[in-house]
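For reference, the chains in residue letters:
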Amino acid sequence: MRRRELLALGGLMSLVAACGDDESSADETQLQFMYWGSTFEQKAVAKMLTSFEERNSGTKVKPLFTPDEYDVKLNTLVASGSVPDVAYVPMAMSYRLAEQGKLVNLFPYLTKYPELAGYLPDAYLWYGKDQLHGVATANEIELLWYSKSAIAAAGVPAPPAQAASAWTWDQLVENAYKLTVDQNGKHPDEPGFDAKRVKQFGISISVTYAAAWYGFLRSNGADFADPAGTRCLLDTPEAIEVFQNLQDLIYKHRVAPGPGQLAATGDDVPGTNVLLKTKRVAMIVDGHWSLLDMNQSKVDYGIGVLPKYDQPFTTSQVAGASAVFAGSKHVEEAIELFAFHIDPRYVDLYQLGLWMPQERKYYEDQAAIDSWTKNDSHPPEFRTAVVDYARDHGVPDLRGRLKNLSVINSDVLTPALQEIETGKRPAAAVLKEVAPKITAKMQGWQHTQEL
């Protein structure tokens, strides 16, 4: 075996051993919590687990921090029967494990833990009637981030922070022209503009990342699929318009970067915080999670709502799934930990800007809103641009809703969107060709229900 394969196998065996190692004494409960994340998230989770132990005398929690090859390692633990008690679970995997009976049905516990019953509807992950296998670890929405200094230098008004005042698509394009300059200071609508030597792009919106464009789709009266979730609607005129507009930002208006134009080395594209700080891009559509990096990098940023077609919408995304494994020897205690680990009172990742809460009260009750947003990590416009925007204009992402999405993405959707991004063919030609192929793979929407 190659050295890399031996190291990978060693890591897997160590993890299996850790999960199978019960260090608890006769009067002590030992739980295991498996998760991924950055070093910063690792520290926050460790702090949360310590707090849980302090509040639950006689219970100890072993953290299983797994930053690499998470899917592979968790699948190995499931196959070996040495599962953690509570864990982050990749979305597609969570539905498969639930259907196999590997995850605890949390529905009967909602009355015992009322905080779990007060979540936003999109947070719940159902695999059948009264069958709840997990909840989304956090909420996230797409926003329009911008460099305040770039906006000021171009004389462009700041992107609106209230949905009622959202720019139209034409206004976005108009302002993106003013914010795009080449190395000689020329704009795309001026003679002599050099599209191969752009100093600052006006806007960047991913064509291939569904969360970036799904809000635009809904805003234009379109959707990915019909109400049954069995027919793809990307070939409708409203959907085609959205994707053609995204393509036109790159090749017609020349205000957005094409594939590879932002890569510093190889295929690596710097984060939103770096692109704004270095003024490679003036405005970027990206998720709320960027707030943490923005603050750490001391970027002079602002937050706006997305431009709209008709009604303003943003994609509300589930930030991974959390679940309790049916193989736990201490199910009741594991559910206690499950309810605790995403409670903003005990996890500072909400106050620091990485996560948005899932409980409804954190978007409706003023004291609860202040508890996670009234601090230096959240700019003044956060209340309207994020809290109110998410509550009143968020539409759920496809990832936790559409069955078989991972296969649809890898086999047909992503290659089609990449073709649009490269500008080789108009959006209409690509989408009319791929929509029937997507339809052939569709299996309907995931189950949902009211509490």
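Residues numbered from 1 in each chain as written. Predicted model: local features only at pLDDT ≥ 70, side-chain atom pairs only at ≥ 80, totals over all residues. Heavy atoms only, no water.

1. Structural notes on the overall build of the protein
Inference 1: The helix and strand inventory of the protein stands at 16 helices and 13 strands.
Inference 2: For the protein, the spread of C-alpha atoms along the principal axes amounts to about 80 × 50 × 50 Å.
Inference 3: A total of 451 residues make up the protein; the buried ones form 53% of that total.
Inference 4: Restricting the contact set of the protein to residue pairs at least 6 apart, pairs at least 24 apart contribute 71%.
Inference 5: By element, 49% of the accessible surface of the protein is carried by carbon and sulfur atoms, the whole surface being about 19500 Å². (Helix = DSSP H or I, 4+ residues; strand = E, 2+ residues; numbered from the N terminus. Buried < 20%, exposed > 50% of the residue type's maximum accessible area, 1.4 Å probe, protein only. Contact = heavy atoms within 4.5 Å. Areas by Shrake-Rupley, 256 points an atom, 1.4 Å probe, with all protein chains shown as cover.)

2. Things to note about the nonpolar core
A general tendency of soluble globular proteins is for nonpolar side chains to be buried together.
Inference 1: Judged by nonpolar contacts, the single largest core of 144 residues is most densely connected at Phe224, Phe243 and Met283.
Inference 2: Counting residues in each nonpolar core, the second largest holds 6 residues, with Met91, Tyr95, Val318 and Ala321 among its members. (Core = buried A, V, L, I, M, F, W, Y, C linked by side-chain atoms within 4.5 Å.)

3. Observations concerning the sheet that holds strand β5 (residues 131–136)
Inference 1: Strands sit in the order β2-β1-β3-β12-β5-β4 across an open sheet of 6 strands; the sheet is mixed. Edge positions in the sheet fall to β2 (59–65) and β4 (124–128), since each of these pairs with one other strand and no more. In this sheet, neighbouring strand axes are inclined to one another by 25° on average, regardless of whether the strands run parallel or antiparallel.
Inference 2: Summarising the sheet, β4 and β5 pair through 4 bridges and their orientation is antiparallel. Among the inter-strand pairings, Leu125 is bridged to a residue of β5, identified as Gly134.
Inference 3: With respect to the sheet, helix α2 (residues 39–55) is in contact with β1 (29–35), β2 and β3 (86–89), its orientation differing from that of β2 by roughly 170°. (Pairing = 2+ DSSP bridges. Axes fitted to C-alpha atoms, helices over the stretch in contact; angles between N-to-C directions.)

4. Topic: the confidence of the model for the protein
Inference 1: Scored by pLDDT, the protein has a mean of 92; 93% of the residues are at 70 or more.
Inference 2: A low-confidence stretch, residues 1–10 stays under pLDDT 50, and its non-local contacts, those more than four residues away or across chains, total 3 contacts. (pLDDT = per-residue confidence, 0-100.)

5. Topic: the side chain of Thr314
Inference 1: Along the polypeptide, Thr314 turns up in strand β11 (residues 314–318).
Inference 2: By relative accessible area, which is 0% here, Thr314 ends up buried.

6. Quick word on the packing of aromatic side chains
Inference 1: Overall, the coordinates contain 18 aromatic pairs when judged by the stated rule.
Inference 2: Measuring from ring centre to ring centre gives 6.0 Å for Tyr35 and Tyr88, while their planes differ by 70°; the resulting arrangement is edge-to-face. In this pair, Tyr35 sits in strand β1 while Tyr88 sits in strand β3, placing the two residues 53 residues apart along the sequence. Side by side, Tyr35 and Tyr88 carry an identical accessibility label, which is buried.
Inference 3: The structure contains a cluster of three or more aromatic residues connected by ring pairs, namely Phe33, Tyr35, Trp36, Phe65, Tyr70 and Tyr88.
Inference 4: For Arg218, the ring lying beneath its charged end belongs to Phe313, and the centroid distance is 5.9 Å. (Phe/Tyr/Trp six-rings, centres within 6.5 Å; stacked < 30°, edge-to-face > 60°. Lys NZ or Arg CZ within 6 Å of the ring centre and 35° of its normal.)

7. Points about the pairing of β1
Inference 1: By the criterion of burial, β1 is predominantly enclosed, with 7 of the 7 residues buried.
Inference 2: Of the pairings in the sheet, the one linking β1 to β2 comprises 7 bridges and is parallel in character. Along β2, the bridge assignment pairs Gln30 with Lys60.
Inference 3: In the classification by handedness, the crossover that spans β1, the intervening α2 and the parallel β2 is right-handed. (Right-handed = clockwise from strand over helix to strand, strands pointing away.)

8. Digging into the environment of Gly394
Inference 1: Inspection of the secondary structure assignment puts Gly394 in strand β13 (residues 394–396).
Inference 2: What makes Gly394 partly exposed here is its relative accessible area of 27%.
Inference 3: Gly394 sits 82 residues away from Pro312 along the chain, and the two C-alpha atoms are 9.0 Å apart.
Inference 4: In this structure Gly394 touches Thr314, Ser316 and Tyr389, once residues within four positions along its chain are discounted.

9. Re helix α4 (residues 91–99)
Inference 1: Within the span of α4, buried status applies to Met91, Met93, Ser94, Tyr95, Leu97 and Ala98.
Inference 2: Looking at the packing, one finds that the buried side of α4 touches α3 (70–80), β3, β4, β5, β11 and β12 (321–324).
Inference 3: Backbone geometry just downstream of α4 places Gly101 in the positive-phi region, at approximately 80°.

10. With respect to the environment of Glu364
Inference 1: Relative to the helices and strands, Glu364 resides in helix α12 (residues 361–364).
Inference 2: The spacing of Glu364 and Asp388 is 24 residues in sequence and 8.7 Å in space, taken between C-alpha atoms.
Inference 3: Not counting residues within four places of it along the chain, the set of residues in contact with Glu364 comprises Ile369 and Arg391.

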